[in-house]
Amino acid sequence: MKLIISVLVIGNLNTIGISALPSIIPPCSSSSDPSNCIQGVLERIRTSLAKGDFGQGYVTPPMEPMFIDLMQITGPELNINMTNLYVKGATTYKVGAIKADFGKLQFDINLQTPQLTYTSQYSLSQKFSALNVDVKGKGDLSGVLSGVNSKFRVKFTLAGNRVQLKKVQYKMKIDNGRFKISSLSNTNGESGIGGGNSQLFTEIANNFINSDPSFILRKIEPSMEKKFIEILEETINALLKDTTVNDLYTA
């Protein structure tokens, strides 16, 4: 999240004459360090990324908040559907290592985001075989994802003299997370732990999930990656729609 425009910025590097990109993304000189230029652009476009508006008619998917309609977490005994997920904090990234290869039109960027917060609705079913407890619930879910490390590669190609997006690769690693769910119930009636609707059982379940969140985090990452790729592709295409090869390099 976030990550997205780093690459788009690149498409504007080393422009001659009038840039085909928004004025907030200035051209970079081929005689200077492209990594420093890209980092500067990434710092400058936070507000535009957040709002999804770069001015001059350039509209992109807003990043604050980022909306995900559905995220599914599945396992042998656990199934969670998260809907109407709103994620905040995607534009609070810190820029890490950048590698730019203008010959191959390939760019690698690393970003670190201290924290993402989210809210959503959820439906959950979980079976604790050892305890003879079937858990179901639906309601509100919120949480915090901390230490979000993002690595992405964006590769462009040329169609005549125009620059086109070829491929986006993106990987995310979340260091830690906290989750809060509501309205769990034991569907075995009064049998088992916390029979029926039980605030106590909800608290027990939350403590259980948060004691080792790595399972859920590993399940969340692929869904988040897919969404970020979608946003990245849409943003790049919107910003580079009129860019030609002459917009990429200075003499």
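Just so we're clear, the structure is a prediction, and the values are computed from it rather than from any experiment.

## Focus: the packing of aromatic side chains
Part 1 of the reasoning: Overall, the coordinates contain 4 aromatic pairs when judged by the stated rule.
Part 2 of the reasoning: When the centroid spacing of 6.3 Å and the interplanar angle of 55° are considered together, the rings of Y118 and F179 count as tilted. Remark: F179 occurs in strand β6 (residues 162–181) and Y118 occurs in strand β4 (residues 106–128); sequence separation between them is 61 residues.
Part 3 of the reasoning: Among the residues examined, F179 registers a relative accessible area of 7% and is labelled buried.
Part 4 of the reasoning: When the centroid spacing of 5.4 Å and the interplanar angle of 65° are considered together, the rings of Y170 and F228 count as edge-to-face.

## Describing helix α2 (residues 34–44)
Part 1 of the reasoning: Along α2, the positions that sit buried rather than exposed are P34, S35, C37, I38, V41 and L42. Down the axis, α2 shows its buried residues gathered within 160° of arc, on one side only.
Part 2 of the reasoning: Regarding α2, its N-cap is D33, as a side-chain oxygen of that residue lies 2.9 Å from the backbone nitrogen of S35 further along.

## What to know about the nonpolar core
Part 1 of the reasoning: Counting residues in hydrophobic clusters, the biggest one holds 57 residues, and the most contacted among them are L145 and M224.
Part 2 of the reasoning: With 9 residues, the single largest contributor to this core is helix α5 (residues 214–239).
Part 3 of the reasoning: Apart from residues no more than four positions distant in its own chain, L145 is found in contact with P114, Q115, L116, Y118, I174, N176, G177, F179, L217 and M224.

## Quick word on the environment of S120
Part 1 of the reasoning: Its location among the elements puts S120 in strand β4.
Part 2 of the reasoning: Placed 38 residues apart in sequence, S120 and M82 show a C-alpha to C-alpha distance of 6.3 Å.
Part 3 of the reasoning: If we ignore the near neighbours within four places in the chain, the residues touching S120 are M82, T83, N84, L85, G139, D140 and L141.

## Comments concerning the pattern of salt bridges
Part 1 of the reasoning: Tallying each qualifying case throughout the model produces 5 salt bridges.
Part 2 of the reasoning: Notably, a salt bridge pairs D108 with R153, separated by 2.6 Å at the nearest N-O pair. Highlighted residues: D108 in strand β4 and R153 in strand β5 (residues 133–159), separated in sequence by 45 residues.
Part 3 of the reasoning: Among the residues examined, D108 registers a relative accessible area of 17% and is labelled buried.
Part 4 of the reasoning: Taking the relative accessible area as the measure of exposure, R153 reaches 33% and is therefore partly exposed.
Part 5 of the reasoning: The salt bridge partner of K171 is E225, with a shortest N-O separation of 3.7 Å. Note that K171 is positioned in strand β6 and E225 in helix α5, a separation of 54 residues in sequence.

What counts, and at which threshold
Residues numbered from 1 in each chain as written. Predicted model: local features only at pLDDT ≥ 70, side-chain atom pairs only at ≥ 80, totals over all residues. Heavy atoms only, no water. Phe/Tyr/Trp six-rings, centres within 6.5 Å; stacked < 30°, edge-to-face > 60°. Helix = DSSP H or I, 4+ residues; strand = E, 2+ residues; numbered from the N terminus. Buried < 20%, exposed > 50% of the residue type's maximum accessible area, 1.4 Å probe, protein only. Arc of directions from axis to C-beta. Polar contact = N/O pair within 3.5 Å; in protein donor to acceptor, adjacent residues only side chain to side chain. Core = buried A, V, L, I, M, F, W, Y, C linked by side-chain atoms within 4.5 Å. Contact = heavy atoms within 4.5 Å. Salt bridge = Lys/Arg side-chain N within 4 Å of Asp/Glu carboxyl O.

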